[in-house]
Amino acid sequence: MNKKVFILGMVALLAISGIVASNMGFKLNYRLESSAAAGSLSGTNTLGLPYNKQTGIVTAFNLIGDIGPTNVASVSNFIESTDGFAVYTGAKGSPDPDFPLEEGKAVFVKMTTGVDYIVVGSHNPSQAISLDAAGAGSNSGTNFFAVPYHTTAGTAFDLIGDIGSGSVASVSNFIESTDGFAVYTGAKGSPDPNFNIVPGKGYFVKMTTTVNYVPSHY
């Protein structure tokens, strides 16, 4: 079984009718692994939250508190203008201040102790996510994207197609065992093969053209 177990509300209704409300609720058991675990180099994980987050989960500080402060070393926010990160530890003297958790934007969570984190929330079907190309506000056109949990994009190839293949340079998957990336361009000869989109993970999407993206979903 995949270590990230996806649980959707209204399972019985789905089985009967095949219909999913566009703003349906989610409950996801998502494994956040520490460096002590096999398969994780540094305890760094990507995390994409639902667009309508659980009440009270507004900032990185709230997220650390919900996961468990003793389990979390830091939460990092990707800064498009520099292709760098703002690292928040939740402790006094943290190198960067607390930051808001934005709809459609993933974060890195570095763990000291691995936990099964129960994520609760729902989707905002009308929310358009600006996936920015290089230019005003973006250094390289790289975006750290949180894919909706009920996305129709099962793979990186599907995600590129849904965004618009003419606007996407690549989609990158963070590899916990190496702290590196598998980069998929959708083109023949792409350096890495196509990969599955996993609910709860964040993906780096590099754009050639800015798109206000409303994700397709079930």
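Structure shown above.
Position numbers for residues start from 1 in each chain and track the written sequence from start to end. Selection of residues for local features in this predicted model requires a pLDDT of at least 70, selection of side-chain atom pairs for listing and counting requires 80 or more, and totals for whole chains, interfaces and linings are taken over all residues. Side-chain calculation: all heavy atoms of the structure are included, whereas hydrogens and water are not.

Things to note about helix α3 (residues 156–163)
Part 1 of the reasoning: Accessibility here uses a 1.4 Å probe with only protein chains present; expressed as a share of the type maximum, an area under 20% marks a residue as buried, one over 50% as exposed, and anything in between as partly exposed. The secondary structure listing takes helices from DSSP runs of H or I that are at least 4 residues long and strands from runs of E that are at least 2 residues long, numbered from the N terminus. Among the residues of α3, A156, L159, I160 and I163 are the ones counted as buried. Seen along its axis, α3 keeps its buried residues to an arc of 100°; they face one direction.
Part 2 of the reasoning: Those residues of α3 that are buried are in contact with β9 (129–131), β10 (142–146), β11 (168–175), β12 (180–184), β13 (202–207) and β14 (211–213).
Part 3 of the reasoning: Where α3 ends, the next residue or the one after it, G164, has phi of about 130°, a positive value. Relevant arc is that of directions from the helix axis to the C-beta atoms, nothing else. Throughout, a residue-residue contact means that at least one pair of heavy atoms, one from each residue, lies within 4.5 Å.

Topic: the sheet that holds β13
Part 1 of the reasoning: When DSSP finds two or more bridges between two strands, those strands count as paired. The strand order β10-β13-β11-β12 describes an open sheet built from four strands, whose pairing is antiparallel. Where the open sheet ends on each side, the last strands, each with one partner, are β10 and β12. Averaged over all neighbouring strand pairs, the angle between strand axes comes to 30°, with direction disregarded.
Part 2 of the reasoning: In the sheet, β11 pairs with β12 via five bridges, with the strands oriented antiparallel. By the bridge assignment for β12, I175 is matched with G180. Note on definitions: angles span 0 to 180 degrees between N-to-C directions of axes, and those axes are lines fitted to C-alpha atoms, for helices only across the stretch in contact.

Looking at the pairing of strand β8 (residues 115–122)
Part 1 of the reasoning: Bridge count for strand β2 (residues 25–32) against β8 is eight bridges, and the pairing is antiparallel. Counterpart to Y30 in the pairing with β8 is Y117.

Some points on the environment of F204
Part 1 of the reasoning: Inspection of the secondary structure puts F204 in strand β13.
Part 2 of the reasoning: A relative accessible area of 8% places F204 in the buried class.
Part 3 of the reasoning: When the C-alpha atoms of F204 and T142 are compared, they prove to be 6.4 Å apart, with 62 residues separating the residues in sequence.
Part 4 of the reasoning: Not counting residues within four places of it along the chain, the set of residues in contact with F204 comprises F78, F85, F108, T142, N143, F144, S170, V171, S172 and F181.

Remarks on the pattern of salt bridges
Part 1 of the reasoning: For this analysis, a salt bridge means a side-chain nitrogen from Lys or Arg found within 4 Å of a carboxyl oxygen belonging to Asp or Glu. Under the counting rule described, the total for this entry stands at three salt bridges.
Part 2 of the reasoning: Residues R31 and E33 are paired through a salt bridge, measuring 3.1 Å at the closest nitrogen-oxygen approach.
Part 3 of the reasoning: Note that R31 and D116 form a salt bridge whose closest N and O atoms lie 3.3 Å from each other. In this pair, R31 sits in strand β2 while D116 sits in strand β8, placing the two residues 85 residues apart along the sequence.
Part 4 of the reasoning: Connected through salt bridges with shared partners, the residues R31, E33 and D116 form a single ionic network.

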